[in-house]
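Remarks on the overall topology
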Amino acid sequence: MDAVRVALLGCGVVGSEVARLLTEHAGELAQRVGAPVQLAGVAVRNPDAPRNFAVDPGLITTDAQELVKRADVVVELMGGIEPARTLILDAMASGASVVTANKALLGQDGPRLYAAAAEQGVDLYYEASVAGGIPLLRPLRESLAGDRINRVLGIVNGTTNYVLDQMHRTGAEFDAAVASAQALGYAEADPTADVEGFDAASKAAILASLAFHTRVSVDDVYREGITGVTASTVASAKAMGAVIKLLAICERVTAADGTERVSVRVHPALLPESHPLAGVRDAFNAVFVEADAAGELMFYGQGAGGAPTASAVLGDVITAARNRVAGSLGPGESAYAQLPVRPMGEVVTRYHVSLDVEDRPGVLAQVSTVFAQNEVSIETVRQQQLPDGEGAELVIVTHAATDAALAATVAALGGLSAVSAVSGVTRVEGEH
Ligand SMILES: NC(=O)c1ccc[n+]([C@@H]2O[C@H](COP(=O)([O-])OP(=O)(O)OC[C@H]3O[C@@H](n4cnc5c(N)ncnc54)[C@H](O)[C@@H]3O)[C@@H](O)[C@H]2O)c1
Ligand SMILES: N[C@@H](CCO)C(=O)O
Ligand code: NA
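Counting restarts for each chain: residues are numbered from 1 in the order of the written sequence. Think of it this way: whatever chain is written first is A, whatever ligand is written first is 1, and the rest follow in order. The model is predicted, so local features are restricted to residues of pLDDT at least 70 and side-chain atom pairs to those at 80 or more, both for listing and for counting; the totals for chains, interfaces and linings are taken over all residues. Excluding hydrogens and water, the side-chain figures rest on all heavy atoms present in the structure.

The condition is simple: UniProt positions are given in the numbering used here, feature names are shortened, and annotations may be inferred rather than shown by experiment.
Named according to an unreviewed UniProt entry, the chain is Homoserine dehydrogenase originating from Spongisporangium articulatum. Per UniProt, the comment on the chain under Cofactor (unreviewed entry) is "a metal cation". Quoted verbatim from the Function (unreviewed entry) heading of the UniProt record, the comment on the chain is "Catalyzes the conversion of L-aspartate-beta-semialdehyde (L-Asa) to L-homoserine (L-Hse), the third step in the biosynthesis of threonine and methionine from aspartate."

1. Re the pattern of salt bridges
A side chain of one charge can pair with a side chain of the opposite charge when the charged atoms of the two come close. In plain terms, the rule: What counts as a salt bridge is simple: a side-chain nitrogen of Lys or Arg found within 4 Å of a carboxyl oxygen of Asp or Glu. The secondary structure listing takes helices from DSSP runs of H or I that are at least 4 residues long and strands from runs of E that are at least 2 residues long, numbered from the N terminus. A 1.4 Å probe rolled over the protein chains alone gives each residue an accessible area, and that area as a share of the maximum for its type sets the label: buried under 20%, exposed over 50%, partly exposed in between.
The final tally for this structure, using the stated rule, is 29 salt bridges. Residue arginine 138 pairs with glutamate 142 through a salt bridge whose shortest N-O separation is 3.8 Å. Of the two residues, arginine 138 and glutamate 142 both sit in helix H6 (residues 137-143), 4 residues apart, roughly one turn of that helix. Classification of glutamate 142 as partly exposed rests on a relative accessible area of 33%. Among the charged side chains, a salt-bridge network with shared partners connects Arg151, Glu251, Arg265, Glu290 and Glu429.

2. Quick notes on the site of ligand 2
Put simply, the test is: When we say a residue is near a molecule or strand, we mean one of its heavy atoms is within 4 Å of it. Any pair of N or O atoms that falls within 3.5 Å is considered a polar contact. Within protein, one atom must be able to donate a hydrogen and the other to accept it, and sequence-neighbouring residues count only if both atoms are side-chain atoms. Computed with the Shrake-Rupley method and a 1.4 Å probe, the accessible areas treat only the protein chains shown as cover for residues. Under the scheme applied, nonpolar residues are Ala, Val, Leu, Ile, Met, Phe, Trp, Tyr, Cys and Pro; charged residues are Asp, Glu, Lys and Arg; polar residues are all the others, including Gly.
Lining the immediate environment of ligand 2, one finds Lys103, Asn157, Gly158, Thr159, Asp194, Asp199, Lys203, Gly303 and Ala304. A distance of 2.5 Å is found between an oxygen atom of ligand 2 and a side-chain nitrogen or oxygen belonging to threonine 159. The separation between an oxygen atom of ligand 2 and a polar side-chain atom of lysine 203 is 2.8 Å. Out of a free accessible area of 260 Å², ligand 2 has 83% covered by protein chains. Broken down by secondary-structure element, the contributors of at least two residues to the shell around ligand 2 are helix H7 (158-170) and helix H10 (198-212). Its residues assigned to classes, the shell around ligand 2 comprises 1 nonpolar, 4 polar and 4 charged.

3. As for the site of ligand 1
Taken together, the neighbourhood of ligand 1 is formed by 18 residues, with Val13, Val14, Lys103, Gly305 and Thr309 sitting nearest. For ligand 1, an oxygen atom lies 2.9 Å from a polar atom in the backbone of valine 14. A distance of 3.3 Å separates an oxygen atom of ligand 1 from a polar side-chain atom of lysine 103. Relative to its free-state accessible area of 830 Å², ligand 1 is covered by the protein chains to the extent of 74%. Residue classes in the shell around ligand 1 are distributed as 10 nonpolar, 6 polar and 2 charged.

This is how it looks when you write it as structure tokens:
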């Protein structure tokens, strides 16, 4: 093979770093692949926009449709659903392998893209789509291919980890911590995709699909963001020796009759400080994997940023290019297990519940009766006075209960005249 032609679609934060690495390391990459890896073109929206890397102007084009037809490997780094999806499908139809970092597209329409790659006999790689620069998807798909994965527990969104870490370290309220994340360039001007958990939910769908050989889309993922996490809940967690993290949790659940389902959810959770994920600070990502034979594994590093993400993209480009040179294909996706998704109401966890109550005789008894009536068992109760004689705050940690039982408990608590507010409900993970 003379050269492997690479087309880059999008030249923003990640794309410009990919262009830089492909250009600056061309000699070494050719050695590793066994043929030159040649940047054949870079599709952009605005040819005059300033870029972090000065791409040869002769390579710049605004005609992405035309570019994908003259490439061996197409690297999609535009983001968004369209035109990314159509361009990827067109690239595959014309015989190109595809590398993408587009978690939103894979979370929504992954199975269609995996099927198209298999039909066309091309590779589709997406290591950068989850936990940016951390090698994670290839270990799940290849290194652990002979094992059985039972659980994937991850901090897969750097922005929200930074926000929660700031709240934990400084006692800041949510809004102040988000402003600080924006000032540092972690959070976008509109932080919705991160703080409402949409980004993490797409990544959870991708992880669960790979880990459990099942088609999981973002619509199957229960999602709760961190906008309801208050300084008071963070302080209460801290007092218990715990931290609050936004977790993506993918679990294989085996019922008493042996049938299996998967549970996939994203929500804030209290984790004991001793848990390996509790010490993950700033905007770092980490993913904890439990497999039958390998036991507990931890993957840690930078989940975002131009250079770390470009590292993962380049790894995929090199793998796809090597396969081209060898005339082979990498392992595709498998969904043979087709496990059903367990409804959230049946998910069992422990809960940390904060209530603002009147401070008078009999209130604690009323509250505990509501828990008992809904079959939620209380593990600990702590009471502290609210300022200005406004009553008391009760912090209750439960034993394991179903989500449905807890929801019924919260609804009933809201109906007690002595309860002025259920001010926080946070799940507790990491101990069983
Ligand atoms: N930035 C990160 O840290 C990070 C980490 C992991 C994954 N990702 C993913 O990587 C992808 C790219 O992210 P980014 O941060 O580089 O975004 P970005 O906004 O910096 O870059 C995207 C570029 O694509 C261009 N573009 C958009 N539509 C286009 C079109 N139709 N034709 C040509 N160009 C077009 C935009 O003009 C922009 O320059 C996204 O899918 C994102 O989710 C990013
Ligand atoms: N917004 C994402 C970027 C990486 O996918 C994050 O904060 O982790
Ligand atoms: Na990764």
